[in-house]
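Each chain, written out:
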Amino acid sequence: MATDVAVYVHVPFCIKRCTYCDFTTFTGMLNLRAAYIEAVLDEIAIWAQRFPTLHANTLYFGGGTPSLLPPSGIAAIIAAVQREFGLPGDAEITLEANPGAIDLTLLSDFHTSGVNRLSLGAQSASEHELEMLGRIHHWNDVVEGVRAARTAGFDNVSLDLIFGLPGQTLNWWWETLRRTLDLTPEHLSLYALTLEPGAPLAENVALGKLPEPDPDLAAEMYETASELLKSAGFWQYEISNGAQGTTPPPEIWALPPGGQTEQIGPWVSQHNLSYWRNTGWLGLGVGAHSFLFEERWSNLPHPVSYISAIHSHRPYRISEELITREIDMAETMMMGLRLAEGVTEERFDRRFGVPIRESYGQTIQKFEGLELLEHQSGTVRLTPKGRLLGNQVFAGFLL
Ligand code: SF4
């Protein structure tokens, strides 16, 4: 029987490190790109040989900056995933791109190579904020990038934005959202800034060179975004993600009880649904994480050690961890509750052979009492109020 997986390929190269970034990415290593593509192709072959039943549903190139790989390399990886893991011809294939390093020719070549969903790291429409974040692009690059993506044939474009920045005003956040919606993307991801220890942005805040971000203001920004997205026809199907729907959303946090994310329309992120539903995924490349066959692991975190290990047939997997049934159940609840659809009784029961209420009856009852969770029509999900206090609820399931 085939084992369905979402395949993720990590591309650990960037032109310059942004001031807030703690992702696994490296600058000054673009000369390794050809060897890296070869290593990823070898890793695909290793997995295909070890587990011939793996079947890919989606493919996602994340980073780092995947658009720094040549389209021929992206095409070779897509072809290998199709050949070895049976990725269907119409499967969602996403590529993250930096608006500061793309043009029409490059995007056309990516589209021809099989990429059918483009995710652009727009982040902000404010030049001041882009500079503070250390981004290499200007807002006009985002505008031109979306235009070029449409000309290149992309009908599925997602934009990433970041909020809760030091000194960011509600007015400028609103302006960023307004200008972003003017570009009519099919999908939006909105992330609250995390001050990562050691990142220059966090250090500047700690040294008092930048103001401390205000969490209450960030919460207000989140709510403003939700309202604006809804009025622009976006369904907020996950806490940080919205997609255009085939019909307008009735409410901000709205799916009919028992409704499934797919009903919203074709622009929800199919790949990320696998993470939120906590089904299996296979991460390829430097630092990539995988969750498969009751095990979780990550790959070596440096391009040189990863390439060298793959080429010399040495172990390249680290931090291997057995996922017990209890951890799996708790994580399925935590991740699933991020979705407006919540966790369905039917899916939980089919996977774990036990009703949700039997495992989490007390926890659900407690959060129902606080009006943070609701359990109806065979679904446990966050209430609109719970959506704003998600972390509190998730922690309850982890305990
Ligand atoms: S482009 Fe993305 S991955 Fe690269 S440094 Fe900036 S935030 Fe990090």
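Everything quoted here is computed from the prediction, not taken from an experiment.

What follows deals with the site of the ligand. Lining the immediate surroundings of the ligand are C14, K16, R17, C18, Y20, C21, F23, T25, G64, T65, N98 and R135. For the shell around the ligand, the per-class residue count stands at five nonpolar, four polar and three charged.

When the parts of a complex come together, some accessible area is lost, and that lost area is often taken as the interface size. As assigned here, the protein comprises domain 1 (3–276) and domain 2 (325–398). When each unit is reduced to the centre of its C-alpha atoms, the spacing between domain 1 and domain 2 is 27 Å. Domain 1 puts 20 residues into the contact, and the matching count from domain 2 is 19 residues. Around 1,700 Å² of area is buried between domain 1 and domain 2 when both sides are counted, 56% of it from carbon and sulfur atoms.

The next point concerns the layout of surface pockets. Empty pockets left among the atoms are what a rolling probe the size of a water molecule brings to light. If you add up the space inside the second largest pocket, you get close to 1,000 Å³. Around the second largest pocket sit 36 residues that line it, and R277, N278, T279, G280 and R351 are the ones nearest its centre. Classifying every residue of the lining of the second largest pocket by side-chain character gives 13 nonpolar, 13 polar and ten charged. Each of domain 1 (3–276) and domain 2 (325–398) gives at least three residues to the lining of the second largest pocket.

Right, let's get into the side chain of T261. Position of T261 relative to the elements: it lies in the loop between β8 (241–244) and α9 (270–276). Sequence-distant contacts of T261, defined by excluding residues within four places in its chain, comprise Y237, L255, V268, L273, R277, L339 and E341.

Before going further, it helps to examine the sheet that holds strand β14 (residues 373–376). Strand order in the open sheet formed by three strands is β13-β15-β14, with antiparallel pairing between adjacent strands. Looking along the sheet, the strands with just one partner apiece sit at the ends: β13 (343–344) and β14. Here four bridges tie β14 to strand β15 (residues 379–382), and the two strands are oriented antiparallel to one another. Bridge assignment links L373 to a residue of β15, and that residue is L382.

This part covers the packing of helix α6 (residues 170–182) against helix α8 (residues 215–231). In contact at an axis separation of 10 Å, α6 and α8 are set at 25 degrees when each is read in the N-to-C sense. Our classification of the angle between α6 and α8 gives roughly parallel. Crossing angle aside, the handedness with which α6 passes α8 is right-handed. Between α6 and α8, the contacting residues are L170, W173, W174, L177, R178 and L181 on the first element and L217, E220, M221, T224, A225, L228 and L229 on the second. In terms of residue class, the contact of α6 with α8 is built from ten nonpolar, one polar and two charged.

Under the definition given, this model contains 16 aromatic pairs. Seen in terms of ring centroids, F348 and Y360 are 6.4 Å apart; in terms of plane orientation they differ by 75 degrees. Their pairing is edge-to-face. On the criterion of sequence distance, the pair formed by F348 in helix α12 (residues 345–352) and Y360 in helix α13 (residues 356–369) is long-range, its members being twelve residues apart. Relative accessible area serves as the criterion here: at 1%, F348 is assigned to the buried category. What links up through ring pairs into an aromatic cluster is the set F348, F352, Y360, F367 and F397. Seen from the ring of W47, R50 lies directly overhead, with NZ or CZ sitting 5.1 Å from the centre. Sitting over the ring of W297, R317 keeps its end group 4.4 Å from the ring centre.

The subject of this paragraph is the nonpolar core. Judged by nonpolar contacts, the single largest core of 108 residues is most densely connected at F85, Y306 and F397. If you count residues domain by domain, this core takes at least three from each of domain 1 (3–276) and domain 2 (325–398). Core analysis: the second largest hydrophobic core is formed by nine residues, Y20, C21, I162 and L165 among them.

With that out of the way, let us pick up the environment of T53. You can see T53 is positioned in the loop between α1 (33–50) and β2 (54–63). On the basis of relative accessibility, which here comes to 36%, the residue T53 falls in the partly exposed class. T53 sits 105 residues away from S158 along the chain, and the two C-alpha atoms are 31 Å apart. In this structure T53 touches M1, A2 and T3, once residues within four positions along its chain are discounted.

Here is what the cut-offs are and how they apply
- Residues numbered from 1 in each chain as written.
- Predicted model: local features only at pLDDT ≥ 70, side-chain atom pairs only at ≥ 80, totals over all residues.
- Heavy atoms only, no water.
- Near = heavy atom within 4 Å.
- Nonpolar A, V, L, I, M, F, W, Y, C, P; charged D, E, K, R; others polar.
- Domains from an automatic or database assignment.
- Contact = heavy atoms within 4.5 Å.
- Buried area = accessible area lost by both parts, 1.4 Å probe.
- 1 Å grid on protein atoms, 1.4 Å probe; cavity = no way out; pocket = protein on both sides within 12 Å on 5 of 7 lines; lining within 4 Å.
- Points joined across faces, edges and corners; volume = space filled by probe spheres on them.
- Helix = DSSP H or I, 4+ residues; strand = E, 2+ residues; numbered from the N terminus.
- Pairing = 2+ DSSP bridges.
- Axes fitted to C-alpha atoms, helices over the stretch in contact; angles between N-to-C directions.
- Parallel < 35°, antiparallel > 145°, perpendicular 65-115°, else oblique.
- Left-handed = near helix turned anticlockwise from the far one by under 90°.
- Phe/Tyr/Trp six-rings, centres within 6.5 Å; stacked < 30°, edge-to-face > 60°.
- Buried < 20%, exposed > 50% of the residue type's maximum accessible area, 1.4 Å probe, protein only.
- Lys NZ or Arg CZ within 6 Å of the ring centre and 35° of its normal.
- Core = buried A, V, L, I, M, F, W, Y, C linked by side-chain atoms within 4.5 Å.

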